[in-house]
Amino acid sequence: MLEDLKLQFKIGDVLTKLIFWNITFFAIPSIVFGILPLFNINIDYLNLVSLSSNPNDLLLKPWSILTYEFCHSSILHILFNLIMLNFAGRLFLIFFNQKQLLSLYFVGSLFAGIVFLLSYMFFPALANVNTALVGASASVMAILFATVSYSPLMNIRLLLFGNVKLWHIALVLIVIDLFQLPKDNTGGHLAHIGGAFFGYFYIKLLKNGIDICNWFTFIIDALLSIFGSRKSKPFKKVHRTYKAAAEKRVSKIVTKNKAQQQIDDILDKISQSGYESLSSEEKEFLFKAGKL
């Protein structure tokens, strides 16, 4: 089974790897730090990796602004987040590439973490409240709302509810967060809203030729070039800019090759009639295109 898991991780896409990383950061520490108390060794692992609402704690553990997004407080917590991550991630990859997904996951959580810290600094009701943030929820919201920003009318088939629009699902999730703000985990819900805000406007800006996650993509490329034993297969380039006659900035989503035109036609069909309306040939073509 271990060999099968290694194979799945090796051949899996970025979304699969993100899910594996989340499971690893939950399972291994839970086992290790669950056994240590038997030897009278007590270490609060979540305190080490969670993002504290006290900005001074960030100076002591600066890694927490990134590690919090891979750590979870319970089995139900990680189970729900990974189900939503797989759901939102698969939809996102219909329209965008894997590198964009990875960048949005990290930068979206970074933005949400900053929103979390600022909330406890400036909202009077949260003053002098010490709490911590863990979980991939903010990244999930960023990915989901990025997809909503690009294709809000996509049809989604839900058990018991039938076909609904993607924006309906997003609206329900954001309303739940807004209703729960006065209750427990206020900072967590503010982080969710921050992630949703970032994902939505990430796509809005991308359509105008501005990639606010490009700096993170540059870092990933640099690390791969330094530490990679071999050059990995480049990700499919979905977005690019070009100069019009009036030198106006235009959407990076415009492409001109025949394959991309066929992809655009299929995506338009999904937006109008839902994924189930595609023929088997169209589904196979879209699946293969997403792997390029």
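Everything that follows concerns the structure shown earlier in this document.
Note that this is a predicted model, so its numbers are computed, not measured.

Visitor: Mind laying out the pattern of salt bridges, listing which residues take part and the relevant values?
Guide: The tally for this structure, following the rule as stated, stands at two salt bridges. Across the salt bridge formed by Arg90 and Asp13, the nearest N and O atoms sit 2.7 Å from each other. With Arg90 in helix H6 (residues 75-95) and Asp13 in the loop between helix H1 (2-11) and helix H2 (14-35), the pair connects residues that are 77 residues apart, well separated along the chain. Note on Asp13: relative accessible area 8%, which makes it buried.

Visitor: Explain the packing of aromatic side chains to me, using residue names and the numbers behind them.
Guide: What the rule picks out here adds up to 18 aromatic pairs. Residues Phe70 and Phe106 carry aromatic rings whose centres are separated by 5.6 Å and whose planes lie at 55 degrees to one another, so their mutual orientation is tilted. A residue pair is termed long-range when its members are at least 10 positions apart, and Phe70 in the loop between helix H5 (64-67) and H6 and Phe106 in helix H7 (residues 98-122) qualify at 36 residues. Consider the rings of Phe111 and Phe198, whose centres lie 5.3 Å apart with planes at 35 degrees: the pair is tilted. With Phe111 in helix H7 and Phe198 in helix H10 (residues 186-207), this pair connects stretches of sequence that are 87 residues apart. Given the relative accessible area of 9%, Phe198 is considered buried. Feature note: the residues Trp21, Phe25, Phe70, Tyr105, Phe106, Trp215 and Phe216 constitute an aromatic cluster, connected by ring pairs.

Definitions and cut-offs
- Residues numbered from 1 in each chain as written.
- Predicted model: local features only at pLDDT ≥ 70, side-chain atom pairs only at ≥ 80, totals over all residues.
- Heavy atoms only, no water.
- Salt bridge = Lys/Arg side-chain N within 4 Å of Asp/Glu carboxyl O.
- Helix = DSSP H or I, 4+ residues; strand = E, 2+ residues; numbered from the N terminus.
- Buried < 20%, exposed > 50% of the residue type's maximum accessible area, 1.4 Å probe, protein only.
- Phe/Tyr/Trp six-rings, centres within 6.5 Å; stacked < 30°, edge-to-face > 60°.

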